[in-house]
Amino acid sequence: MSSKLYKYKPKYLYRKYKYRFKKANWQKKTGYILLVVGFFVFVGLGLKLALDKDLFNEDRANFGNFGFDREVTTRVPVKKKTPQVGTLFELNETVAGAGFTAGFSIKLPELLADSKAAKDMNAAMEALRDDLKEKYKHAGNLSLYPYLYDVSYHAFNSKEYVFISVYDYFESKDGEQKVKNTYYLYDYINEVMVDDYHLPDLYRYSEVQMLEVVNAKLEAVGAPFANSAEGFEFFVDRAGKLCATLTIVSDSGVEKEITVTLD
């Protein structure tokens, strides 16, 4: 049985046809060569058709009926880099004496971004800078100057926002005082300023946390506890800390405002 199978082995067939090829005349050799070439061409075409069919089936599976059934996918947006906050202008010249400090303690922010919203904010800071520089120019001898301009900023960022708080304090030797807090919440993903926000949310301060701190203060001054944060007014002080102002009523019925630093 093994002797019959041997003649079909590739090694035997190769030797057999090699011998025949050597013995054949040039016409037969040409025929053998054409048969071999034709065989390889046939095999190549078969492989190409098989591969083309697989690709065609894959395309149909992916694109459906000429692309109309194709599933639409959206490209994930590139993560934007958080813009930095730099110092636009700084001036520190003050003179203390006779219970009053006069002069200028100025530090203004600059949002380092190219959007219109950022440029608008920076323009507001530039206008404030120019106004303060003009006041400083005409101040003269600061030991005789009757005003104090104290302007500073605090900034922090999250995954979507940059928050900038500008503290603007004015005081005169006669006792006049003015405080102005200006806030900028910059959505750098959409490159716009956000107007509708809640300061405690930006500081990640819950109502429960606020009431714990506020009621500790109220207990210390002998005032009734607050049951909610309704009526609280929030602001950011010059150190960048979140504060709440609320009105309490004493036992004698007198109303009084108190301020509690939350952060």
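So, here's what we can say about the structure. Treat the numbers as computed from the prediction; the structure is a model and nothing was measured.

### Considerations on the sheet that holds strand 8 (residues 242-249)
In step 1: Taken in spatial order, the three strands line up as 7-8-9 in an open sheet, and their pairing is antiparallel. Looking along the sheet, the strands with just one partner apiece sit at the ends: strand 7 (233-236) and strand 9 (255-261). Geometrically, the sheet is characterised by an average inter-axis angle of 30° between neighbouring strands, direction not taken into account.
In step 2: Relative to strand 9, strand 8 runs antiparallel, the two being bridged by seven bridges. Across the sheet, Thr247 pairs through a bridge with Glu257, a residue of strand 9.
In step 3: Along the sheet, helix 6 (residues 207-220) makes contact with strand 7, strand 8 and strand 9, crossing strand 9 at roughly 125°.

### Considerations on the packing of aromatic side chains
In step 1: Tallied over the full model, the rule gives 12 aromatic pairs.
In step 2: For the pair Phe104 and Tyr145, a centre-to-centre distance of 5.6 Å together with 25° between the ring planes defines the contact as stacked. Here Phe104 is found in strand 2 (residues 100-112), whereas its partner Tyr145 is found in the loop between helix 4 (116-137) and strand 3 (147-157), with 41 residues between them in sequence.
In step 3: Between Phe163 and Tyr183, the ring centres sit 5.9 Å apart and the planes meet at 25°, which makes this aromatic pair stacked.

The rules behind the values
Residues numbered from 1 in each chain as written. Predicted model: local features only at pLDDT ≥ 70, side-chain atom pairs only at ≥ 80, totals over all residues. Heavy atoms only, no water. Pairing = 2+ DSSP bridges. Helix = DSSP H or I, 4+ residues; strand = E, 2+ residues; numbered from the N terminus. Axes fitted to C-alpha atoms, helices over the stretch in contact; angles between N-to-C directions. Contact = heavy atoms within 4.5 Å. Phe/Tyr/Trp six-rings, centres within 6.5 Å; stacked < 30°, edge-to-face > 60°.

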